[in-house]
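# Report on the structure
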Amino acid sequence: DTIARGLAVLRRLNFDIPTAPSPPLIMQTMLETGSIASHYRNVNNSSLPQVIHPKQTNILKIIDSVAVACYLSTSSYLPLMACVTLIYSLEQGIFHCEESASAFAIF
């Protein structure tokens, strides 16, 4: 199962992803993500790095693959994957790639 394998890989990369997402947990995660994102509202995008390191790209591709599998199977992990991508992108200063853009759109 693509989702289970992807989640296992992300957990090994120290992403905090619950084993059983419930609607209250998803809402709590989305609220926390919104709070984190609100601290980045005044960031000037032109001052952010335009080059992404290969490790960051690979991590975003893993997250994106899991998110696509979640979307196709209507998994409750989809909003959590959007939150994971959003937080990772904000923390790493990555805004100029398609994986980050799709997470912002889903969120």
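In what follows, the structure referred to is the one given above.
What you see is a predicted model; the values in this text were computed from it and never measured.

## Let's talk about the overall build of the protein chain
Looking only at helices and strands, one finds 5 helices and 0 strands in the protein chain. Written out in order from the N terminus, the α and β elements of the protein chain read α-α-α-α-α. Counting across all 107 residues of the protein chain, residues that qualify as buried make up 36%. Put simply, of all contacts in the protein chain between residues at least 6 apart along the chain, 73% involve residues at least 24 apart. Accessible area of the protein chain: about 6500 Å², with a carbon and sulfur share of 57%.

## Side note on helix H1 (residues 2–12)
Three or more residues of H1 are buried, namely Ile3, Gly6, Leu7 and Leu10. Along the axis of H1, the buried residues cluster in a sector spanning 100°; they form a single face. The exposed residues of H1 that point more than 90 degrees off its buried face are Arg5 and Arg12. Residues of H1 that are buried in the fold lie against helix H3 (54–72) and helix H4 (78–92). At the exit of H1 stands Asn14, carrying a positive phi of roughly 70°.

## What about unusual backbone geometry?
Glycine aside, the phi torsion of most residues is negative, and most peptide linkages are trans. Here the phi dihedral of Asn14 falls at roughly 70°; this positive angle occurs in a residue that is not glycine. Inspection of the secondary structure puts Asn14 in the loop between H1 and helix H2 (23–38). For Asn14, a relative accessible area of 71% corresponds to the exposed category. At Thr74, a residue that is not glycine, the phi angle is positive and equals roughly 50°. Among the structural elements, Thr74 can be located in the loop between H3 and H4. Looking at Thr74, the relative accessible area reads 72%, which means it is exposed.

## Quick look at a nonpolar patch on the surface
Together, Val68, Tyr71 and Leu72 make up a nonpolar patch on the protein surface, roughly 360 Å² of accessible area in all. Owing to a relative accessible area of 42%, Val68 belongs among the partly exposed residues under this scheme.

## Re the side chain of Gln56
Along the chain, the position of Gln56 falls in helix H3. A polar contact of 2.8 Å, which involves the side chain of Gln56, links it to the side chain of Gln92. Setting aside its immediate chain neighbours within four residues, Gln56 contacts Tyr88, Gln92 and Ile94.

## Details of the packing of H2 against H4
Relative to each other, H2 and H4 sit at 20°, their axes nearing to 10 Å. By the angle class used here, H2 and H4 are roughly parallel. Crossing geometry of H2 relative to H4 is assigned as left-handed. Only Pro79, Leu80, Cys83, Leu86, Ile87 and Leu90 of H4 make contact with H2, whose side of the interface consists of Ile26, Thr29, Met30, Thr33, Ile36 and Ala37. Residue classes in the contact of H2 with H4 are distributed as 10 nonpolar, 2 polar and no charged.

So, how was this worked out
Residues numbered from 1 in each chain as written. Predicted model: local features only at pLDDT ≥ 70, side-chain atom pairs only at ≥ 80, totals over all residues. Heavy atoms only, no water. Helix = DSSP H or I, 4+ residues; strand = E, 2+ residues; numbered from the N terminus. Buried < 20%, exposed > 50% of the residue type's maximum accessible area, 1.4 Å probe, protein only. Contact = heavy atoms within 4.5 Å. Areas by Shrake-Rupley, 256 points an atom, 1.4 Å probe, with all protein chains shown as cover. Arc of directions from axis to C-beta. Patch = residues over 30% accessible without salt bridge, like charges linked within 9 Å, V, L, I, M, F, W, Y side chains within 5 Å. Salt bridge = Lys/Arg side-chain N within 4 Å of Asp/Glu carboxyl O. Polar contact = N/O pair within 3.5 Å; in protein donor to acceptor, adjacent residues only side chain to side chain. Axes fitted to C-alpha atoms, helices over the stretch in contact; angles between N-to-C directions. Parallel < 35°, antiparallel > 145°, perpendicular 65-115°, else oblique. Left-handed = near helix turned anticlockwise from the far one by under 90°. Nonpolar A, V, L, I, M, F, W, Y, C, P; charged D, E, K, R; others polar.

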